[in-house]
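So the chains spell out like this:
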Amino acid sequence: MILRRGEGQSVLVTGSSRGIGRAIALRFAAEGYHVVAMDIPRQEAELKEAQALIRDAGGRCDLVFGDVSDPESVKTFVAEARAIAGHIDVLVNNAGVLSLALVDDIAPDEWDRMYDVNTKGTFLVCKALLAQFREAGKGRIVNIASIGGKRGAPLQAHYCSSKAAVISFTHILAQEVARDGITVNAVCPGIIDTEMGRNNYRDAAALQAVKDKTAMGRLGYPDDVVGAVAFFASDDASFITGQALNVCGGIIFH
Ligand SMILES: NC(=O)c1ccc[n+]([C@@H]2O[C@H](COP(=O)([O-])OP(=O)(O)OC[C@H]3O[C@@H](n4cnc5c(N)ncnc54)[C@H](O)[C@@H]3O)[C@@H](O)[C@H]2O)c1
């Protein structure tokens, strides 16, 4: 039997022009979901490239643009996504930003930028879809957090604490909406080979150090992350909510 678990369903993936988000969009399209891929206008060329990859493989993909940290923009692109797809069944909050600095050197605006995109963005997009999910009596939310949100890392106080907030938000929202048929889970990637992930290993020695601290002895790749996301969106995860699953090759164990 061929599993087409996304047949008749649609998914909104934020920040899907590249990296982990693009891989998630491609995976959902391969499962038969109608993908609405979202990113900031500056990423239009890369988002169109992702769309072309999906369409060339026979999948369905439409695009919306905006900024997850801007409440008005979120309302607009969520409404556009709903108009395009008819309804959204799965939301993947993947959009995120990272910068590196010691606490001494983090400018207050940079602190806010991390929280605005990573934390407030996740909250805003969830909020914009909750009424539709409630009306349908079902909905799946998968928040891309980070193992950094569980253990922290030097130079990433603003990033890691914003991701810890995403994990906490996941725990709380899951409890608030469980009886409406909505599940809310988080995936916590380890160090994944993307533009963002490469901040963790800018030279050969740092790359080796990353591999050494990973039980599996290697980096993660975007395709390593997508299975967990697809699982949380699937019927197989119907009794799972409020969880934060590490996908890190064995860097942390709780
Ligand atoms: N790469 C890693 O090692 C790693 C580890 C743990 C968690 N993560 C998380 O995974 C997610 C994807 O990261 P990635 O590694 O693919 O990074 P990336 O930088 O390659 O991709 C991030 C995407 O988010 C988009 N984005 C940024 N600001 C946005 C905004 N305001 N509105 C909409 N989209 C916006 C970017 O344009 C980009 O397409 C992020 O949430 C990140 O924090 C990544």
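Residues numbered from 1 in each chain as written. Predicted model: local features only at pLDDT ≥ 70, side-chain atom pairs only at ≥ 80, totals over all residues. Heavy atoms only, no water.

Moving on, we come to the pairing of strand E5 (residues 139–144). Of all 6 residues making up E5, 6 are buried, and the element is well covered by its neighbours. Judged by which residues are buried, E5 turns out to be covered on both faces: Gly139, Ile141 and Asn143 on one side and Arg140, Val142 and Ile144 on the other are all buried. When strand E4 (residues 90–93) meets E5, the two strands line up parallel, connected through 4 bridges. Each bridged residue has a counterpart across the sheet, and for Asn93 the counterpart in E5 is Asn143. Between E4 and its parallel partner E5, the chain crosses via helix H4 (residues 108–136), and the hand of that crossover is right-handed. Note: E5 against strand E6 (residues 182–189), 6 bridges, orientation parallel. Within E6, the residue paired with Ile144 across the bridge is Val187. (Buried < 20%, exposed > 50% of the residue type's maximum accessible area, 1.4 Å probe, protein only. Helix = DSSP H or I, 4+ residues; strand = E, 2+ residues; numbered from the N terminus. Pairing = 2+ DSSP bridges. Right-handed = clockwise from strand over helix to strand, strands pointing away.)

The terminal C-alpha atoms of H4 lie 41 Å apart, and with 29 residues this matches the ideal 42 Å at 1.5 Å per residue to within 8%. Maximum bend of H4: about 40°, positioned at Lys120. Immediately downstream of H4, the backbone of Gly137 shows phi near 75°, a positive value. (Expected span 1.5 Å × (residues − 1). Bend = angle between axes of the 7 residues up to and from the residue.)

The next subject is the site of the ligand. The environment of the ligand is made up of 29 residues, and the closest members are Arg18, Asp39, Asn94, Tyr159 and Thr194. Here an oxygen atom of the ligand sits 2.9 Å away from a polar atom, N or O, in the side chain of Ser17. One of the backbone nitrogen or oxygen atoms of Gly190 is found 3.4 Å away from an oxygen atom of the ligand. In isolation the ligand has 830 Å² of accessible area, and contact with the protein removes 95% of it. Judged by its atoms lying within 2 Å of the grid points, the ligand is housed in the largest pocket. If you list the elements that add at least two residues to the shell around the ligand, you get helix H1 (19–30), strand E2 (34–39) and helix H6 (157–177). Residue composition of the shell around the ligand, grouped by class: 14 nonpolar, 10 polar and 5 charged. (Near = heavy atom within 4 Å. Polar contact = N/O pair within 3.5 Å; in protein donor to acceptor, adjacent residues only side chain to side chain. Areas by Shrake-Rupley, 256 points an atom, 1.4 Å probe, with all protein chains shown as cover. 1 Å grid on protein atoms, 1.4 Å probe; cavity = no way out; pocket = protein on both sides within 12 Å on 5 of 7 lines; lining within 4 Å. Sits in = over half its atoms within 2 Å of the grid points. Nonpolar A, V, L, I, M, F, W, Y, C, P; charged D, E, K, R; others polar.)

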